[in-house]
Amino acid sequence: AQSVTQLDSQVPVFEEAPVELRCNYSSSVSVYLFWYVQYPNQGLQLLLKYLSGSTLVESINGFEAEFNKSQTSFHLRKPSVHISDTAEYFCAVSLPYSGNTPLVFGKGTRLSVIA
Amino acid sequence: EAGVTQSPTHLIKTRGQQATLRCSPISGHTSVYWYQQALGLGLQFLLWYDEGEERNRGNFPPRFSGRQFPNYSSELNVNALELEDSALYLCASKPAIYEQYFGPGTRLTVT
């Protein structure tokens, strides 16, 4: 079975500072990896995904994540955060071979950007 | 393209009652997933429907059930409501493979 650990439940950071949200996963087989963001009182939105190929993936709003197979990690980073990045961030995995398995989520990291 | 829609937005029920939540997937998506987001418990997989059939269910009791209609919309039913069923229920739809697309959720409050 797969599992996801998000090491920090809350991360406060000042505006324009860099941030890293950590995610480690456990799986005996290869997986697809995702980061979702949940803004207050909203559903989840896909931020970025790793399926195969380049281990560094980027989103359109400046976030990036790097897949590290040896460390079974998929940390999310942004070099300079904005107030609007305040949200909860979820790391998730799914099995790739069938493509239709449920997502397994971490417990989430609440990012609070301070002006 | 319209996204995943869910209704109602909020639902308030008393213990022992039944709740029905609805989800309409993105056009062309045949798979629908239900997740429960309870305070302190994170997101937990509930049910997966594809082509009208239940394909998998998470570690939830049988009073959580649902179905998928021929137009791929889905319904989640929760019988004999308990206080701990209070949560945000999220529906997601998916094309053949890869990422899931989530709706805004239904907030169920059991009093």
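In what follows, the structure referred to is the one given above.
Criteria and cut-off values
- Residues numbered from 1 in each chain as written.
- Chains lettered and ligands numbered in written order.
- Predicted model: local features only at pLDDT ≥ 70, side-chain atom pairs only at ≥ 80, totals over all residues.
- Heavy atoms only, no water.
- Buried < 20%, exposed > 50% of the residue type's maximum accessible area, 1.4 Å probe, protein only.
- Helix = DSSP H or I, 4+ residues; strand = E, 2+ residues; numbered from the N terminus.
- Pairing = 2+ DSSP bridges.
- Contact = heavy atoms within 4.5 Å.
- Buried area = accessible area lost by both parts, 1.4 Å probe.
- Salt bridge = Lys/Arg side-chain N within 4 Å of Asp/Glu carboxyl O.
- Nonpolar A, V, L, I, M, F, W, Y, C, P; charged D, E, K, R; others polar.
- Phe/Tyr/Trp six-rings, centres within 6.5 Å; stacked < 30°, edge-to-face > 60°.

So, about the pairing of strand β4 (residues 31-38) of chain B. Residue and element names in this part refer to chain B. Among the eight residues that make up β4, eight are buried, leaving the element largely enclosed by the rest of the structure. A two-sided burial pattern is seen for β4, the buried positions comprising S31, Y33, Y35 and Q37 on one face and V32, W34, Q36 and A38 on the other. The pairing of β4 with strand β5 (residues 42-50) spans eight bridges and is classified as antiparallel. Each residue of the ladder has a partner; that of S31, found in β5, is D50.

Facing the 19 residues of chain A at the interface are 22 residues of chain B. Around 1,600 Å² of area is buried between chain A and chain B when both sides are counted, 56% of it from carbon and sulfur atoms. Counting across the chain A and chain B interface gives zero salt bridges. Breaking the side of chain A that touches chain B down by element, the ones donating at least two residues are β5 (32-38) and β6 (44-50) of chain A. Here the side of chain A that touches chain B takes four residues from β5(A), the largest share from any one element. Each residue belonging to the side of chain A that touches chain B can be placed in one class, and the counts come to 10 nonpolar, seven polar and two charged.

So, on to the packing of aromatic side chains. Counted under the stated rule, the structure contains 13 aromatic pairs over all chains. Pairing F90(A) with F105(A) gives two aromatic rings, centres 6.3 Å apart and planes at 90°, and the pair type is edge-to-face. Of this pair, F90(A) sits in strand β10 (residues 87-94) while F105(A) sits in strand β11 (residues 104-105), placing them 15 residues apart in sequence. For the pair F90(A) and F105(A), one class covers both residues: buried. Ring geometry for F60(B) against F64(B): centres 5.2 Å apart, planes inclined by 65°, an arrangement best described as edge-to-face.

It is worth spelling out the environment of G103(B) at this point. With respect to the helices, strands and loops of the structure, G103(B) is situated in the loop between β10 (101-102) and β11 (106-110). Judged by its relative accessible area of 2%, G103(B) falls in the buried class. Along the primary structure G103(B) and I12(B) are separated by 91 residues, whereas in three dimensions their C-alpha atoms are 19 Å apart. Residues contacting G103(B), with those up to four places away along its chain left out, are G43(A), L44(A), V4(B), Q6(B), L90(B) and C91(B).

Treat this as a map of the structure, not an account of what it does.
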